[in-house]
Amino acid sequence: MKIYQIIFLLVLFSCTHSDGTPNASENKVETLVSGQLEHGDQESAVIPVVESLGPEIFEGLVDIRSYNSDIYVDLKYASEDNFMGFPLYERMKRAYLQPDVAKRLNYCQIYLSALDTNLHLLVYDAARPVSVQKLMWDALDTVPPALRGKYVSNPANLSLHNMGCAVDLTICNAEGVALDMGAGYDDFRDIAFPNKEAKYLKTGELTKEQHKNRLLLRKVMASQKFRQLPTEWWHYNAYSREVARSMFKALEVEPY
């Protein structure tokens, strides 16, 4: 391990989680729910990184790249590459999080860089307006609410995304090519469930290499106490919903 990588690790684990100033640096939905969505070569394709546009700070949330520009961003809901099949964000092009959460994600990237300088966190979604959450919830209206909650949080209860306390992400190389996780983003099939990995490793549907990539992401995110959702390999929470509700307000609409 190179000396600067060791320094990164020492800095990472000596830092606290206190706030700080940022460094200057109905067809497709039905198919998806039934587990038949074809993701093709999504994980091996070169992913375009969305440029950061819009306010750096919005309603108390901060652009994650203002903390660490080594974190890549490809907002799926700002494009057609999502389970709805059309852009859900009209204006939002930056990935926003609560300052403390963005700072923790910064340390995750520092840790990942210390492990491999060619690897980057690639964010698919971060803070999500409640207005968009409702669109997603309503799109699955043919699914019973109890089951629907496995795929999309009920906007009436708020998602941690709505409060800037959750992030959807993967790992990619310097060219933006995502590591193969064995299932795509927003893949509703059971093979995307972290709590069912043992089953798919046994059948060979999830390879050891794909599982290794998931474990790397898990290790990096756990270094800053992010907790993974058991039904989505890409989703990590910074706080419990109860704690987040007591500390933060929800982002109701997109920034203007």
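Residues numbered from 1 in each chain as written. Predicted model: local features only at pLDDT ≥ 70, side-chain atom pairs only at ≥ 80, totals over all residues. Heavy atoms only, no water.

**Regarding the layout of surface pockets**
Here's step 1: If you add up the space inside the largest pocket, you get close to 300 Å³.
Here's step 2: Ser-153, Ser-159, Leu-229, Glu-232 and His-235 are, among the 23 residues lining the largest pocket, the residues nearest its centre.
Here's step 3: Going through the elements one at a time, helix H4 (130–139) and strand S8 (235–237) are the ones with two or more residues in the lining of the largest pocket.
Here's step 4: Of the residues in the lining of the largest pocket, the class split is nine nonpolar, eight polar and six charged. (1 Å grid on protein atoms, 1.4 Å probe; cavity = no way out; pocket = protein on both sides within 12 Å on 5 of 7 lines; lining within 4 Å. Points joined across faces, edges and corners; volume = space filled by probe spheres on them. Helix = DSSP H or I, 4+ residues; strand = E, 2+ residues; numbered from the N terminus. Nonpolar A, V, L, I, M, F, W, Y, C, P; charged D, E, K, R; others polar.)

**Quick look at the nonpolar core**
Here's step 1: Membership of the largest hydrophobic core comes to 71 residues, with the highest contact counts inside it found for Leu-105, Leu-121 and Val-123.
Here's step 2: When contributions to this core are tallied by element, the ones reaching two or more residues are strand S2 (61–63), strand S3 (72–73), strand S4 (96–97), helix H3 (99–115), strand S5 (119–125), H4, strand S6 (166–173) and helix H7 (208–222).
Here's step 3: Looking at which element gives the most residues to this core, the answer is H3, with six residues.
Here's step 4: Residues in contact with Leu-121, not counting those within four places in the same chain, are Asp-70, Ile-71, Tyr-72, Leu-105, Cys-108, Gln-109, Leu-112, Leu-169, Thr-170, Ile-171, Leu-217 and Val-220. (Core = buried A, V, L, I, M, F, W, Y, C linked by side-chain atoms within 4.5 Å. Buried < 20%, exposed > 50% of the residue type's maximum accessible area, 1.4 Å probe, protein only. Contact = heavy atoms within 4.5 Å.)

These values are about where atoms sit, not about what they do.
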